[in-house]
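Fold and geometry: a report
Letter by letter, the chains look like this.
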Amino acid sequence: MAATAIRDIVSDPSLLPVLSTAAETRDLCQKLLSLLDPSLAPDQVTESPQTVQKHLFALLAQLRGQNRDAIFRVRDTKQGTAEARQEIDRLHLQLQNLYYEQRHLTGEIAACESYDHKYRSLPLIPLEEFLELHPEHRDSSEHDLMVARINHEHAEREKLEQARQELLKRKQALITENNKRKEDLASLDQDLEKFIDNVLPIMSAKTEDAGSSQTEMTPKASASTLPPPEKSSAIQTRSKVVAAFWAVILFLGLPIWWKTTSIYRAELPVQEMQDWAGGKSCRPVFPLEIRFETPSLPENEAQQLLRTTQHTLDDLNEFSAHHLRLKLAEEEAQLATEKADTALTVRLLAQDDLASPISHLHADTTTIDVFYPPSQSPPPSSSNSPLSSFIAGELQRLFAEEKAIMAHILSAAGANANAPPPSNSQAQQQISPQLAESITKRLRRSMKYAETYHLSFSLFTPESAPSSWDIESAVHEYISPLIRELSPISNFTVDTQVQLYATFSPTTPAPSYDETQNIWTLNEENLSSFINAAEWPLSPSIGTGPTINFILYVPSATQSPLLVKESKATSWIIPQWGGVFILNPPLLINETPTNPPHLARESLQPAFLTFSHQLLNLLGTPSTPTSLPFRLQTLIRIRAATLLLSASSTMGSLARLTESLPSIPIPATVASSVSTTLSHLSSACSDLQKGRFKAALASARVAETEAEKSFFEKSMVGQMYFPDEHKVAVYLPLLGPIGVPLVLGLLKEVKRVVTGWKARRG
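An account of the accompanying structure is given in this report. (Residues numbered from 1 in each chain as written. Predicted model: local features only at pLDDT ≥ 70, side-chain atom pairs only at ≥ 80, totals over all residues. Heavy atoms only, no water.)

**Considering the packing of aromatic side chains**
Overall, the coordinates contain 19 aromatic pairs when judged by the stated rule. On the basis of an interplanar angle of 50° and a centroid distance of 6.3 Å, the ring pair of Trp 469 and Phe 608 is categorised as tilted. Remark: Phe 608 occurs in helix H17 (residues 601–618) and Trp 469 occurs in strand S7 (residues 468–469); sequence separation between them is 139 residues. Looking at Trp 469, the relative accessible area reads 9%, which means it is buried. The class of Phe 608 is buried, set by a relative accessible area of 0%. Relative to Trp 572, the ring of Phe 530 has its centre 5.2 Å away and its plane inclined at 90°; by these criteria the two rings are edge-to-face. With Phe 530 in the loop between strand S10 (519–522) and strand S11 (541–542) and Trp 572 in strand S14 (residues 571–574), this pair connects stretches of sequence that are 42 residues apart. By the burial criterion, Phe 530 is buried, and Trp 572 matches it. A connected cluster of aromatic rings, assembled from ring pairs, spans Phe 457, Trp 469, Phe 550, Phe 581, Phe 608 and Phe 611. (Phe/Tyr/Trp six-rings, centres within 6.5 Å; stacked < 30°, edge-to-face > 60°. Helix = DSSP H or I, 4+ residues; strand = E, 2+ residues; numbered from the N terminus. Buried < 20%, exposed > 50% of the residue type's maximum accessible area, 1.4 Å probe, protein only.)

Here's what the structure looks like:
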């Protein structure tokens, strides 16, 4: 059956002898084995084993030769197949080139056919009118007819242009003639005035020489040589007209002009604004309340432990603005409703099998458990104990990074105000260089604070798969809880997108293949150019707030898995922009390996856990301790201090701006925003001093928003670049032609009144 099946499968004539020889060899082998069987009787042996063995060796040699010939034929067949395949590939490539050329030519033809030539928009005369004027073109083709119509239009326009030029020449000649006549008339007036000026002295001289003969001249003759005297009614009318004009200008025009051009400047509390900017109105302090739960200690011992721990903390603290206040849970329950926020809860638990105290911070709460041996309970009369020293050291360690960040923020604000507090300088000296460098690096990498952040999650792949992902469930499970915890700090919106065939930028080096590890790698120095900003649809800003981009990149199946060469990482942060995660999903093994068409929520878990960690880093969350609620509480205090100082600095800048530019307007909305800002700054400072950090952050957010709104008021910014020279340039062309006749008329009337008064006195 097996031989028959093989013969049915193998049909090549050159391989059939090989199969026959192989079958005969197998039969001889079985025969030789049967001859060598010791249970076989001698009379049953028909042939000697040596003969069969010789025949078997001959068949094996023949089989080896046939096998070698078959291998050579297979090689020749493969070579012929490869050559035929190359020829087919060449013909296929030529066919593709012809197809591309055909498509290009088709596109060119379509472009030529749809080309909108300028002659289509020419206002040609109607076709019937043209054929009436030129009946010789009735039998012309459409092309020749259009050419003739265009030539006719061109000839008509040339005629019209010539006529226009002729009219322009005539117009210029008339203008020249009119100017010449005006000059002649002006010169004639000047000649008349000169004649009158020359004649008057001669006439007066003749009058003196003539004596009595001239005295007989009649008044009628004298009046004929001099202009008639002006009537008193005309003089009064002229005086009334001049007075009316000036009355309208003084009592109506000037008030209206003053009202319409005056700049409204609302009253601002400049000194108070400058005091806030200079740090005189508020000294930010951070009294952190630590809640102690001591179920295993009597009340007197608990009080003694609290006092000794507080004294130890005060001795260790070099930064007076940030201090810890310890309170028992029983005392806290008796306080008023408006109590300070609890920064940390310390639970003291006695345990017999311990030699020294140990601590455990819960990862999902702000609670730390301190386990201690009962022998280390502080006696009521002791001033210090190992347990209190241990607790103080643990608290110092937990709040070390927060204290360093606060000192850095306050020192930077003090440097900007040119008055750094001494306590800040002392705190800066206590920070280790490594911690200071880490804080500076994190602040450079984090986003600038905004009221609203837009989170954009994008799936990019250079292929057609994966084309979908369970983004809604992934965001709901991994991102939404974090956003709810961050809601007291900022608002967040989320949008998603999927981009297929997203290739690398042409300037980005392609991934390299590591044969030793069978992976594709990217160099760290090339990660900065990984994002193809020219072709990937990544919006830098959506709405008013900044956008934080999170890129989930699924590499091609031919370049998977893809890692960073130096660190073997699959994710990194782009400072002040977002984060990138390279996902290498399990490939589907078909004829060729391919990526899965859909990414389930389980496969997205590593990426979105990384995105949540990157979001915290981009928002400036401290890296220690491990408890996320603890870190978020720290971020609330950091943001409250940052916004308080930022709003105060903005108030100082606005005060300096309004004083240095007295010509800019200050609308009532700015005064209202400034009042709101100062009010919320006071509330934020008061809440900080009382340890209510969430309330302080809420007030500081409102103060920051109102401060930015008042500083960037559009009506104020528009007047900043309108100097007085522009006002002169606007008013002179309007008031010059009107003001000169009015001033000259007023001067003439004043001169007439003064002359008449002198004549009456003389």
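From this point, the discussion proceeds with the structure in view.
**Some remarks on the environment of Ser 686**
When you line up the elements, Ser 686 lands in helix H19 (residues 668–690). With 402 residues separating them in the primary sequence, Ser 686 and Pro 284 have C-alpha atoms 9.2 Å apart.

**Comments concerning the pairing of strand S12 (residues 545–553)**
On any regular strand, side chains alternate: one points to one face of the sheet, the next to the other face. Summarising burial for S12: eight of the nine residues are buried, a large majority. Here strand S6 (residues 452–461) runs beside S12; their pairing, made up of seven bridges, is parallel. Directly across from Ser 456, in S12, lies its bridge partner Asn 549. Sheet topology note: the S12/strand S15 (residues 578–582) ladder contains five bridges and is parallel. Within the sheet, the bridge partner assigned to Ile 551 lies in S15 and is Val 580. (Pairing = 2+ DSSP bridges.)

**Brief notes about H17**
Along its 18 residues, H17 runs 24 Å from first to last C-alpha, staying within 8% of the 26 Å computed at 1.5 Å per residue. Of the residues making up H17, those classed as buried are Leu 604, Ala 607, Phe 608, Thr 610, Phe 611, Ser 612, Gln 614, Leu 615, Leu 616, Asn 617 and Leu 618. (Expected span 1.5 Å × (residues − 1).)

**Quick word on unusual backbone geometry**
The omega torsion of the bond from Ala 465 to Pro 466 falls at 0°, within 30 degrees of zero and hence cis. Relative to the helices and strands, Pro 466 resides in the loop between S6 and S7. Here the phi dihedral of Asn 518 falls at roughly 60°; this positive angle occurs in a residue that is not glycine. With respect to the helices and strands, Asn 518 occurs in the loop between strand S9 (512–514) and S10. Within the chain, Lys 568 stands out as a residue other than glycine whose phi angle is a positive 60°. For Lys 568, the position within the fold is in the loop between strand S13 (562–564) and S14. Note on Lys 568: relative accessible area 35%, which makes it partly exposed.

**Some remarks on the packing of helix H10 (residues 299–316) against helix H12 (residues 386–398)**
Between H10 and H12, the least distance of the axes is 9 Å, while the angle of their chain directions is 50°. Considering their axes alone, H10 and H12 lie oblique with respect to each other. H10 and H12 meet at a crossing whose hand is right-handed. Between H10 and H12, the contacting residues are Leu 305, Thr 308, Thr 309, Thr 312, Leu 313 and Leu 316 on the first element and Leu 387, Ser 388, Ser 389, Ile 391, Ala 392, Leu 395 and Gln 396 on the second. In terms of residue class, the contact of H10 with H12 is built from seven nonpolar, six polar and no charged. (Axes fitted to C-alpha atoms, helices over the stretch in contact; angles between N-to-C directions. Parallel < 35°, antiparallel > 145°, perpendicular 65-115°, else oblique. Left-handed = near helix turned anticlockwise from the far one by under 90°. Contact = heavy atoms within 4.5 Å. Nonpolar A, V, L, I, M, F, W, Y, C, P; charged D, E, K, R; others polar.)

**Considerations on the nonpolar core**
Ile 290, Leu 344, Phe 457, Leu 552 and Phe 608 are the most contacted members of the largest nonpolar core, which has 106 residues in total. No other element matches helix H18 (residues 628–660), which puts 15 residues into this core. Grouped together as the second largest cluster of nonpolar side chains are 18 residues, Leu 522, Leu 527, Trp 536 and Trp 572 included. (Core = buried A, V, L, I, M, F, W, Y, C linked by side-chain atoms within 4.5 Å.)

**Description of the sheet that holds S13**
Across the sheet, which stays open at both edges, the three strands sit in the order S9-S10-S13 with mixed pairing between neighbours. Each edge of the open sheet is held by one strand with a lone partner, namely S9 and S13. Neighbouring strand axes in the sheet, compared pairwise and without regard to direction, differ in orientation by 45° on average. For S9 and S10, the ladder comprises three bridges, and the chain directions are antiparallel. Bridge pairing links Ser 512 to Thr 521 in S10.

**Topic: the environment of Trp 536**
Residue position: Trp 536 is located in the loop between S10 and S11. Along the chain, Trp 536 and Ser 505 lie 31 residues apart, while their C-alpha atoms are 9.4 Å from each other. Contact partners of Trp 536, with chain neighbours within four places excluded, come to Phe 460, Ala 502, Thr 503, Phe 530, Ile 531, Ile 551 and Tyr 553.

**Some thoughts on the side chain of Asp 275**
Mapped onto the secondary structure, Asp 275 falls in helix H9 (residues 270–277). Of the side chains bearing the opposite charge, Lys 280 lies closest to the buried Asp 275, which forms no salt bridge; the N-O distance is 4.5 Å. Setting aside anything within four residues of it in sequence, one finds Asp 275 in contact with Lys 280 and Ser 281. (Lys, Arg positive; Asp, Glu negative; His and termini not counted. Salt bridge = Lys/Arg side-chain N within 4 Å of Asp/Glu carboxyl O.)

**Thoughts on the sheet that holds strand S5 (residues 367–372)**
Strand order in this open sheet of five strands is S2-S1-S3-S5-S4, and the pairing throughout is mixed. Both outer strands of the open sheet, strand S2 (322–328) and strand S4 (358–361), are each paired with one neighbouring strand and no more. Between one strand and the next, the sheet's axes are offset by a mean angle of 25°, whatever the strand orientation. Here strand S3 (residues 342–350) runs beside S5; their pairing, made up of six bridges, is parallel. The residue of S5 that forms the bridge with Thr 345 is Thr 367.

**A look at the pattern of salt bridges**
Applying the stated rule across the entire model yields 15 salt bridges. A salt bridge links Glu 477 to Arg 601; its shortest N-O distance comes to 3.2 Å. In this pair, Glu 477 is assigned in helix H16 (residues 471–486) and Arg 601 in helix H17, connecting sequence segments 124 residues apart. For Glu 477, a relative accessible area of 37% puts it in the partly exposed group. Close ionic contact of Arg 752 with Glu 749 constitutes a salt bridge, the shortest N to O distance being 3.1 Å. Here Glu 749 and Arg 752 lie together in helix H22 (residues 724–761), a separation of three residues that amounts to about one turn. By relative accessible area, Arg 752 is classed as partly exposed at 33%. Its relative accessible area of 7% is what places Glu 749 among the buried residues. Three or more residues joined by partner-sharing salt bridges are found here, namely Arg 238, Glu 749 and Arg 752.

**Digging into the pairing of strand S1 (residues 286–293)**
Counting buried positions over the eight residues of S1 gives six, a clear majority of the element. Across seven bridges, S1 lies against S2 in parallel orientation. Its bridge partner being in S2, Ile 290 is matched across the sheet by Leu 326.

**As for the side chain of Thr 677**
Mapped onto the secondary structure, Thr 677 falls in helix H19. Take Thr 677: its relative accessible area is 0%, and that puts it in the buried class. Leaving out residues up to four positions away in the same chain, Thr 677 has contacts with Met 651, Ala 703, Glu 706 and Ala 707.

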